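# Close look at the chain arrangement
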Amino acid sequence: MDMTRMMRPLAALTLVSFLLAVIAVIGDRPVNAVPPPQILLADYAAHIDGAQKLEVTHGMGLSGARPLQMTRTPNGWTLDQRWNYPANDELVNETLLALADLKAVEARTAQAEWHRALGLVVPENLGSAVRFRVTNADGAALASLLLGKEQQSEAEAKQQVENYGPELRQFYVRREDSDQSWLALGRLPRNPAPAAWIDPSLPRHDDKKLREVRFGSGAARFGFLRVGEGWSAAGAQDWLSRFAALRPDDVAREDSINFETARAFTLIYQDGLRISYENVGAATVIWSRMKASFDADASREVKQRANALNRRFGGWALRFAAERTAVLLPAKSDF
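Let me begin by describing the structure that accompanies this report. This is a predicted model, so every value here is computed, not measured.

Calculation criteria
- Residues numbered from 1 in each chain as written.
- Predicted model: local features only at pLDDT ≥ 70, side-chain atom pairs only at ≥ 80, totals over all residues.
- Heavy atoms only, no water.
- Helix = DSSP H or I, 4+ residues; strand = E, 2+ residues; numbered from the N terminus.
- Contact = heavy atoms within 4.5 Å.
- Areas by Shrake-Rupley, 256 points an atom, 1.4 Å probe, with all protein chains shown as cover.
- Pairing = 2+ DSSP bridges.
- Axes fitted to C-alpha atoms, helices over the stretch in contact; angles between N-to-C directions.
- Patch = residues over 30% accessible without salt bridge, like charges linked within 9 Å, V, L, I, M, F, W, Y side chains within 5 Å.
- Salt bridge = Lys/Arg side-chain N within 4 Å of Asp/Glu carboxyl O.
- Buried < 20%, exposed > 50% of the residue type's maximum accessible area, 1.4 Å probe, protein only.
- Phe/Tyr/Trp six-rings, centres within 6.5 Å; stacked < 30°, edge-to-face > 60°.
- Lys NZ or Arg CZ within 6 Å of the ring centre and 35° of its normal.
- Core = buried A, V, L, I, M, F, W, Y, C linked by side-chain atoms within 4.5 Å.

### Remarks on the overall build of the chain
Assigned secondary structure in the chain consists of 7 helices and 17 strands. Considering only residue pairs separated by 6 or more positions, the chain has 64% of its internal contacts joining residues 24 or more positions apart. Accessible area of the chain: about 18400 Å², with a carbon and sulfur share of 53%.

Right, here's the structure in full:
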């Protein structure tokens, strides 16, 4: 057997493998040789006080892009896509600060054709990136960052981040004006639902002053009263706990919802303040509108509180999921 003949293909294969390895090392060097900046958006961090608008655009692949835009006003942030309804100030401000505090851990690819694998293709190009763009009062961009996949297993990367919290994560990012990508450390929200960005607050008053909750009207009226440290109905405390946990899913202008068949309940407080909710079921959701009033002998402070609540919530209808029926549309038998 001619061993020399057998060794020739093996030697050729070894040489090809060696050359491919050398090419890979040389090709990877420019990516990993880029020194990571301590703060990824240092120029933005220096001008964060000038932030006037925050745009968050989610890439939905074949479904296009889903934009959300928040605007700063003298009374706080508002959500443009919801008729300038008050935004979740805490989430907006923490997002702006999180962008300023974003740290680059190490460099990744600077080749545009590899961006899709990292989830860094712009939303308008069938991409899945989340774009965070901050502009000042003149419309000039202070920052424009693309958020890609998290550095996790594929199964974990597909999980939606439902809430914004303090947990730091590692994910791929790049500035929109640069092909250089980075593995970054920080926290940025990924929830595309408007519910995450609208103000979650509802018209409330001091729980300790709540005297009565009254449902319906006329002969169909029912409810419960405060009795000492408790309530006159067995299910009252459970209802109050679920009511305190209510958060709207969305918002609309009041005149776009038909409230002719609405059912109401009223929170009656010891100091004379009354807060009424009118609720109507529509397919798989419930719409609510709220109004505050006061007794004739209420104090000036209570009247001012009622007027402030009406200025804030007047003209709006808030949407809740159908599973909130037991809270917003309860039956007498529930108590």
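### As for the sheet that holds strand S13 (residues 250-253)
Read across the open sheet, the 8 strands follow the order S12-S11-S10-S14-S15-S16-S17-S13; overall the sheet is antiparallel. On the outer flanks of this sheet lie strand S12 (230-231) and S13, each paired with one strand and no other. When strand S10 (residues 210-215) meets strand S11 (residues 222-227), the two strands line up antiparallel, connected through 4 bridges. From the neighbouring strand, Phe215 faces S11, where its bridge partner is Phe222. Each of strand S15 (273-282), strand S16 (285-294) and strand S17 (316-321) touches helix H6 (residues 300-313); the most contacted strand, S16, lies at about 150° to it.

### With respect to a nonpolar patch on the surface
Taken together, Val105, Leu168 and Leu185 make up a surface patch of nonpolar side chains, about 220 Å² in accessible area. Here Leu168 shows up in the loop between helix H4 (154-157) and strand S8 (169-175). Taking relative accessible area as the criterion, Leu168 reaches 49% and is therefore assigned partly exposed.

### Focus: the sheet that holds strand S7 (residues 141-150)
Pairing within the open sheet is antiparallel, and its 9 strands lie in the order S4-S3-S2-S1-S6-S7-S8-S9-S5. Whereas interior strands pair on both sides, the edge strands pair on one side only; in this sheet they are strand S4 (85-86) and strand S5 (103-107). Where S5 meets strand S9 (residues 181-186), 4 bridges bridge the pair, whose relative direction is antiparallel. Residue pairing in the sheet places Lys103 in a bridge with Leu185 of S9. Running over the sheet, helix H3 (residues 89-100) touches strand S1 (53-59), strand S2 (65-73), strand S3 (76-79), strand S6 (130-135) and S7 and is turned about 100° from S3.

### Side note on the packing of aromatic side chains
Summed over all chains, the structure comprises 15 aromatic pairs. Its guanidinium or amino end placed over the ring of Phe243, Arg204 lies 4.7 Å from that ring's centre, counting from NZ or CZ. Against the face of Trp316 rests Arg253, its NZ or CZ located 4.3 Å from the ring centre.

### Here we look at the nonpolar core
Grouped together as the largest cluster of nonpolar side chains are 70 residues, with contacts concentrated most on Tyr44 and Trp239. The leading source of residues in this core is H3, at 6 residues. What Tyr44 contacts, discounting residues up to four positions off in sequence, is Leu96, Leu99, Ala100, Val134, Leu142 and Ala143. Within the second largest apolar cluster, 7 residues are counted, among which are Ala252, Ile257, Val280 and Trp287.

Taken by themselves, the reported measurements are silent on function.
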